[in-house]
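Chain by chain, the residues:
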Amino acid sequence: MALVTVDELLWKAEKEGYAVGAFNANNMEIVQAIMEAAEQENSPVIMQASQGAIKYAGLEFITAMVKLAAQSVDVPIALHLDHGTDFNQVVRCIRSGFTSVMYDGSALSLEENIAVTKKVLDIARPIDVSVEAEIGKIGGTEDDVSVSEKEAMYTDPEEAKYFVESTGVKSLAIAIGTAHGQYKGEPKLDFERLAKIKSLIKIPIVLHGSSGVPDEAIKKAISLGVRKVNIDTNIREAFVWAMRRELEANPSEIDPRKILGPARQAAVDIIRSKIRLFGSSGKA
Ligand code: G3H
Ligand code: 13P
Ligand code: ZN
């Protein structure tokens, strides 16, 4: 089917109490793996491309691959820009056919973040493109910050309410203790803060940095209103570990397909397990 919007997927998830997986698509094998996993689980999925993925694969290639994947199956697929920090690039993605964009103004002041998010909404809304914004700072697992510094970056519930009321945005990424990349220890999520935020803003919440978060914590976050769960690192791990296994087992192999095929299958397996965890199996 044709690409759908993220808002459409998240509002159904909101009504029915599950979350939709947003999986980072960095190359053809991963696009195919996300598509295959979604089809096998009869689940909606979001394929998202970061600015790094666009730089690596090219905007036209990413858009064409994801459109073709969506057309090849009967489950709903959305194409989303992950962490867009440049207004002009957001516009280019929309023009290229993305059905959703994240404008990440978390490095800006609150008022500047509101102003640019509104600008993005002004161009996206009339053409039915979804917009995700971010309040608080999610950061990376490699960032050298103390616990108190980390907590200072968490989303302030009242600020989130003010942000949503000021912009009219329909989905919001929040910082409650997750980070991008491989965790060194077990991440601790601030569920009280999540519950408070959800009580103040009645829109779907997005959880970034979800790879490596224990399954029980993911389930609890979904029960408290998370409707989009972003996964990148776990796919990278599965993909590269499988490639490494193949190369070590067959050091003289020179056919890339023999190495990338098992890597693609490893990605399918991890994505299917995430889809089941998020409760979106059978929700296509
Ligand atoms: O949010 C971060 C994602 O994992 C994307 O990472 O910018 O290296 O593509 P990347
Ligand atoms: P992880 O790489 O930690 O799964 O985070 C993905 C993400 O949040 C993409 O926006
Ligand atoms: Zn993220």
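Please read all numbers here as calculations on a predicted model, not as lab measurements. (Residues numbered from 1 in each chain as written. Chains lettered and ligands numbered in written order. Predicted model: local features only at pLDDT ≥ 70, side-chain atom pairs only at ≥ 80, totals over all residues. Heavy atoms only, no water.)

Asker: Describe in detail the site of ligand 2, supporting the description with residues and values.
Answerer: Around ligand 2, the surrounding shell holds 15 residues, and the nearest of these are Asp82, Gly209, Ser211, Asp232 and Thr233. One of the side-chain N or O atoms of Asp82 is found 2.8 Å from an oxygen atom in ligand 2. Taking His83, its side chain carries an N or O atom lying 3.2 Å from an oxygen atom of ligand 2. Coverage of ligand 2 by the protein amounts to 97% of the 310 Å² it exposes when considered alone. At the level of elements, strand S3 (77-84) and strand S8 (226-231) are the ones that each hand at least two residues to the shell around ligand 2. Taken together, the residues that form the shell around ligand 2 break down as 2 nonpolar, 11 polar and 2 charged. (Near = heavy atom within 4 Å. Polar contact = N/O pair within 3.5 Å; in protein donor to acceptor, adjacent residues only side chain to side chain. Areas by Shrake-Rupley, 256 points an atom, 1.4 Å probe, with all protein chains shown as cover. Helix = DSSP H or I, 4+ residues; strand = E, 2+ residues; numbered from the N terminus. Nonpolar A, V, L, I, M, F, W, Y, C, P; charged D, E, K, R; others polar.)

Asker: Let's hear about the sheet that holds S8: which residues, and what values?
Answerer: A barrel is described by the order of its strands in space; here 8 strands give the closed sequence S1-S2-S3-S4-S5-S6-S7-S8, paired in parallel fashion. In this sheet, neighbouring strand axes are inclined to one another by 25° on average, regardless of whether the strands run parallel or antiparallel. The pairing of strand S2 (residues 45-50) with S3 spans 6 bridges and is parallel. Following the sheet pairing, Ala49 is matched in S3 by Leu81. Strands in contact with helix H2 (residues 28-41) are strand S1 (20-24) and S2; relative to S2, the strand with the most contacts, it is inclined by about 165°. Packing of helix H4 (residues 59-72) onto the sheet brings it into contact with S2 and S3, and relative to S3 it is tilted by some 150°. (Pairing = 2+ DSSP bridges. Axes fitted to C-alpha atoms, helices over the stretch in contact; angles between N-to-C directions. Contact = heavy atoms within 4.5 Å.)

Asker: Any details on the environment of His208? Residues and values, ideally.
Answerer: Looking at the element boundaries, His208 is found in the loop between strand S7 (205-207) and helix H10 (215-223). Each C-alpha atom, one on His208 and one on Thr178, is 6.8 Å from the other, the two residues being 30 residues apart in sequence. Ignoring anything within four residues of it in the chain, the contact list for His208 reads Asp82, His83, Met102, Glu132, Ile138, Ala173, Thr178, His180 and Asn230. At 2.8 Å, the side chain of His208 and the side chain of Glu132 are in polar contact. In this structure the side chain of His208 is engaged in a polar contact, spanning 3.0 Å, whose partner is the side chain of Asn230.

Asker: Can you lay out the pattern of salt bridges for me, pointing to particular residues and giving the numbers?
Answerer: The tally for this structure, following the rule as stated, stands at 15 salt bridges. Its salt-bridge partner being Glu16, residue Lys12 comes within 3.4 Å of it at the nearest N-O pair. With Lys12 and Glu16 both in helix H1 (residues 6-16) and 4 residues apart, the pair spans about one turn of that helix. Given a relative accessible area of 40%, Glu16 falls into the partly exposed group. One continuous salt-bridge network, built from bridges that share partners, spans Lys12, Glu16 and Lys283. (Salt bridge = Lys/Arg side-chain N within 4 Å of Asp/Glu carboxyl O. Buried < 20%, exposed > 50% of the residue type's maximum accessible area, 1.4 Å probe, protein only.)

Asker: Outline the side chain of Asn24, supporting the account with residue identities and numerical values.
Answerer: When you line up the elements, Asn24 lands in strand S1. One polar contact links Asn24 to Gln48, side chain to side chain, over a distance of 2.9 Å. A polar side-chain atom of Asn24 sits 3.0 Å from a polar atom in the side chain of Asp82. Apart from the residues lying within four places of it in its own chain, the contact partners of Asn24 are Ile30, Ile34, Gln48, Ser50, Asp82, Ile231, Asp232 and Ile235.

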